[in-house]
Amino acid sequence: MGYTITNRINVLIKKTYYHHERFQVDSTFALLYHENPLSVVEFSQYVRISDHLIQVDDHHYFVIFAFTSHDNAYKAAQNIIHKLDNHFNATTSCIALDTFNATKSAQSVLNRLEQILLETRKNPFVRIETEDILDRK
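Residues numbered from 1 in each chain as written. Predicted model: local features only at pLDDT ≥ 70, side-chain atom pairs only at ≥ 80, totals over all residues. Heavy atoms only, no water.

Focus on the sheet that holds strand S1 (residues 28–33)
Part 1 of the argument: Ordered in space as S2-S3-S1-S4-S5, the five strands form an open sheet in which the pairing is mixed. Each edge of the open sheet carries a strand with a single partner, namely strand S2 (52–57) and strand S5 (128–129).
Part 2 of the argument: Here five bridges tie S2 to strand S3 (residues 60–65), and the two strands are oriented antiparallel to one another. Note on S3: the bridge partner recorded for glutamine 55 is tyrosine 61.
Part 3 of the argument: Its contacts with the sheet put helix H1 (residues 3–23) on S1, S2 and S3, and the angle it makes with S2 is roughly 155 degrees.
Part 4 of the argument: Sitting on the sheet, helix H3 (residues 70–88) touches S1, S3, strand S4 (94–98) and S5, and the angle it makes with S4 is about 170 degrees. (Pairing = 2+ DSSP bridges. Helix = DSSP H or I, 4+ residues; strand = E, 2+ residues; numbered from the N terminus. Contact = heavy atoms within 4.5 Å. Axes fitted to C-alpha atoms, helices over the stretch in contact; angles between N-to-C directions.)

Quick notes on H3
Part 1 of the argument: In this model H3 runs 26 Å from its N-terminal to its C-terminal C-alpha over 19 residues, within 8% of the 27 Å that 1.5 Å per residue would give.
Part 2 of the argument: The complete set of buried residues in H3 reads Ala73, Ala76, Ala77, Ile80, Ile81, Leu84, Asp85 and Phe88.
Part 3 of the argument: Directly beyond the C-terminal end of H3, a positive phi value near 55 degrees is found at asparagine 89. (Expected span 1.5 Å × (residues − 1). Buried < 20%, exposed > 50% of the residue type's maximum accessible area, 1.4 Å probe, protein only.)

Observations regarding the nonpolar core
Part 1 of the argument: In terms of nonpolar packing, the biggest core is built from 23 residues, with Ile9, Ile13, Phe29, Phe62 and Leu113 touching the most fellow members.
Part 2 of the argument: Broken down by secondary-structure element, the contributors of at least two residues to this core are H1, S1, S2, S3, S4, helix H4 (106–121) and helix H5 (132–135).
Part 3 of the argument: Per-element tally for this core: the top contributor is H4, with six residues.
Part 4 of the argument: Setting aside chain neighbours within four positions, we find leucine 113 in contact with Phe29, Ala30, Leu31, Phe62, Ala96, Leu97 and Asp98.
Part 5 of the argument: Core analysis: the second largest hydrophobic core is formed by 20 residues, Leu38, Leu53, Ile80 and Leu97 among them. (Core = buried A, V, L, I, M, F, W, Y, C linked by side-chain atoms within 4.5 Å.)

Some remarks on H1
Part 1 of the argument: Across its 21 residues, H1 extends 30 Å between first and last C-alpha, which sits within 8% of the 30 Å expected from 1.5 Å per residue.
Part 2 of the argument: Looking only at H1, the buried set comprises Ile5, Thr6, Ile9, Leu12, Ile13, Thr16 and Tyr17. Projected down its long axis, H1 shows its buried positions confined to an angular sector of 140 degrees, all on one face. Turned more than 90 degrees away from the buried face of H1, the exposed residues are Tyr3, Thr4, Lys14, Glu21 and Arg22.
Part 3 of the argument: On its buried face, H1 sits against S1, S2, S3 and H4.
Part 4 of the argument: At the exit of H1 stands glutamine 24, carrying a positive phi of roughly 55 degrees. (Arc of directions from axis to C-beta.)

Quick word on the pattern of salt bridges
Part 1 of the argument: Within the structure shown, the criterion is met by five salt bridges.
Part 2 of the argument: When the shortest N-O distance is used, the salt bridge between aspartate 98 and lysine 104 registers 3.2 Å. Both residues of the pair, aspartate 98 and lysine 104, belong to the buried class.
Part 3 of the argument: In this structure, glutamate 119 and lysine 122 form a salt bridge, with 2.9 Å as the shortest nitrogen-oxygen distance.
Part 4 of the argument: A relative accessible area of 15% places glutamate 119 in the buried class.
Part 5 of the argument: Sharing partners across several salt bridges, the network here consists of Asp98, Lys104 and Arg112. (Salt bridge = Lys/Arg side-chain N within 4 Å of Asp/Glu carboxyl O.)

Structure follows, in structure tokens:
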């Protein structure tokens, strides 16, 4: 991940923490993996306009489900996976979700999402995972 992308993600995470502190709203951080090429324009059709997304590389997107609880983000992730399955006519996309915790550093959030996604990709039958998978290792 390049410096520019890492910096953008850090800024968005800090902004999300500020919204939480100022307005007492939660958000959920996610990392999407997809095998096939997916442009920002294509992917933006499958998320809400209030959500933030950053293309990390050709196969990953960092997503902030803004103003969204963990449970509702899980439902949103299910909808995204379903839409991507139809878009690609494949079932290789998966999403990692991490519980919102404003005490975590931006780097910690990214590391946890990468670990969750790595574990998620090991099981082709599970396409959306939370930090609970790290406890099961």
